[in-house]
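Letter by letter, the chains look like this.
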Amino acid sequence: NKKGFIFDLDGVIVDTAKYHFLAWQQLAKSLDINFTEEENEQLKGVSRVRSLEKILAWGNKTISQDLFDKLMGDKNEEYLSYIAEMDESEILPDVPRVLNLLEALDQPISLGSASKNARTILERVNLKSNFHAIVDGNDVSKAKPDPEVFLIAADQINIKPEDCIVFEDSVAGVTAANTAHMISIGIGSKDVLGHANYVFNDFTEISDDFIKSLINN
Ligand code: G6P
Ligand code: MG
């Protein structure tokens, strides 16, 4: 029995939200916008372009396209400076256990991330070779909640969408998985991810037996 296991990256495998926050905060400050951690929460799973649009809207600012493009580049440079310092210690608890179990059970594993930095991050934390396919922000034209990223991820491992299981921490990502007719597993709080088929606070709550039951269903 083969199922396709698709992992989001940010907030599922590693906690990069804190680095996005630092980089967005610096950008916001340069525009005299006050950017809060609560607002940063709302940027989870949201593409880079859309994130800046939201920050500008919250701060009631309009800027030229040229400045917009420049700020996008600056933000990513700042973000990459934090990413450069990442190592395996930043992998979230029990993610390696689940990845190793799936590998032992011969299950195809795919990444489905909105980030254009996904490959760099997987390399930093030394998990790139655990994935049979990597689909990220460079490969899609429609951002989550559109299901495109997960449909391509399923296609690349040759598994039908109905036979795929998605691990996601964002509202938009769970919606994308549901729209793709995949089984959605929310990683985070039930209050936020109530629309997922299952919700766990983190991978320490996901047992080997639960993973095996997903494969045999
Ligand atoms: C993930 C993160 C978002 C981020 C997006 C794009 O979905 O949760 O906060 O904006 O990726 O990331 P990038 O690395 O391309 O800026
Ligand atoms: Mg995420």
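Residues numbered from 1 in each chain as written. Chains lettered and ligands numbered in written order. Predicted model: local features only at pLDDT ≥ 70, side-chain atom pairs only at ≥ 80, totals over all residues.

### With respect to the site of ligand 1
The environment of ligand 1 is formed by 16 residues, the closest being Asp 10, Ala 114, Ser 115, Lys 116 and Asn 117. Its residues assigned to classes, the shell around ligand 1 shows three nonpolar, nine polar and four charged. (Near = placed C-beta within 6 Å. Nonpolar A, V, L, I, M, F, W, Y, C, P; charged D, E, K, R; others polar.)

### Concerning the packing of helix H1 (residues 17-30) against helix H4 (residues 65-83)
Direction vectors running N to C along H1 and H4 enclose 140°, while the axes themselves pass 9 Å from each other. Where H1 crosses over H4, the handedness of that crossing is right-handed. Note on element contacts: H4 touches H1 through Leu 71, Asp 74, Lys 75, Glu 78, Tyr 79, Tyr 82 and Ile 83, opposite Tyr 19, His 20, Leu 22, Ala 23, Trp 24, Gln 26 and Leu 27. Each residue belonging to the contact of H1 with H4 can be placed in one class, and the counts come to nine nonpolar, two polar and three charged. (Axes fitted to C-alpha atoms, helices over the stretch in contact; angles between N-to-C directions. Helix = DSSP H or I, 4+ residues; strand = E, 2+ residues; numbered from the N terminus. Left-handed = near helix turned anticlockwise from the far one by under 90°. Contact = placed C-beta atoms within 7 Å.)

### What about the environment of Val 95?
With respect to the helices and strands, Val 95 occurs in helix H5 (residues 95-104). The buried category is assigned to Val 95, around which 22 C-beta atoms lie within 10 Å. Sequence separation of Val 95 and Val 14 is 81 residues, and the distance between their C-alpha atoms is 9.1 Å. Those residues in contact with Val 95 that lie beyond four places of it in its chain are Ile 13 and Phe 203. (Buried ≥ 20, exposed ≤ 12 C-beta atoms within 10 Å, placed from the backbone.)

### Regarding the environment of Asn 1
Considering the arrangement of structural elements, one finds Asn 1 in the segment before strand E1 (4-7). Apart from residues no more than four positions distant in its own chain, Asn 1 is found in contact with Ile 215 and Asn 216.

### Some thoughts on the sheet that holds strand E3 (residues 133-135)
Strand-to-strand pairing in sheets goes through backbone hydrogen bonds, with the strands running parallel or antiparallel. The strand order E3-E2-E1-E4-E5-E6 describes an open sheet built from six strands, whose pairing is parallel. One side of each edge strand has no neighbouring strand; the edge strands of this open sheet are E3 and strand E6 (198-200). Pairwise comparison of adjacent strand axes, ignoring direction, gives a mean angle of 20° for this sheet. Pairing analysis gives three bridges linking E1 to strand E2 (residues 109-112), with the strands arranged parallel. From the neighbouring strand, Ile 6 faces E2, where its bridge partner is Ser 110. (Pairing = 2+ DSSP bridges.)

### Here's the deal with the nonpolar core
Judged by nonpolar contacts, the single largest core of 48 residues is most densely connected at Ile 6, Phe 150 and Val 166. Counting residues per element, this core draws most heavily on helix H7 (residues 148-156), which supplies five residues. Apart from the residues within four sequence positions on either side, Ile 6 is in contact with Ser 110, Gly 112, Phe 150, Ala 153, Ala 154, Cys 164, Ile 165 and Val 166. (Core = buried A, V, L, I, M, F, W, Y, C linked by C-beta atoms within 7 Å.)

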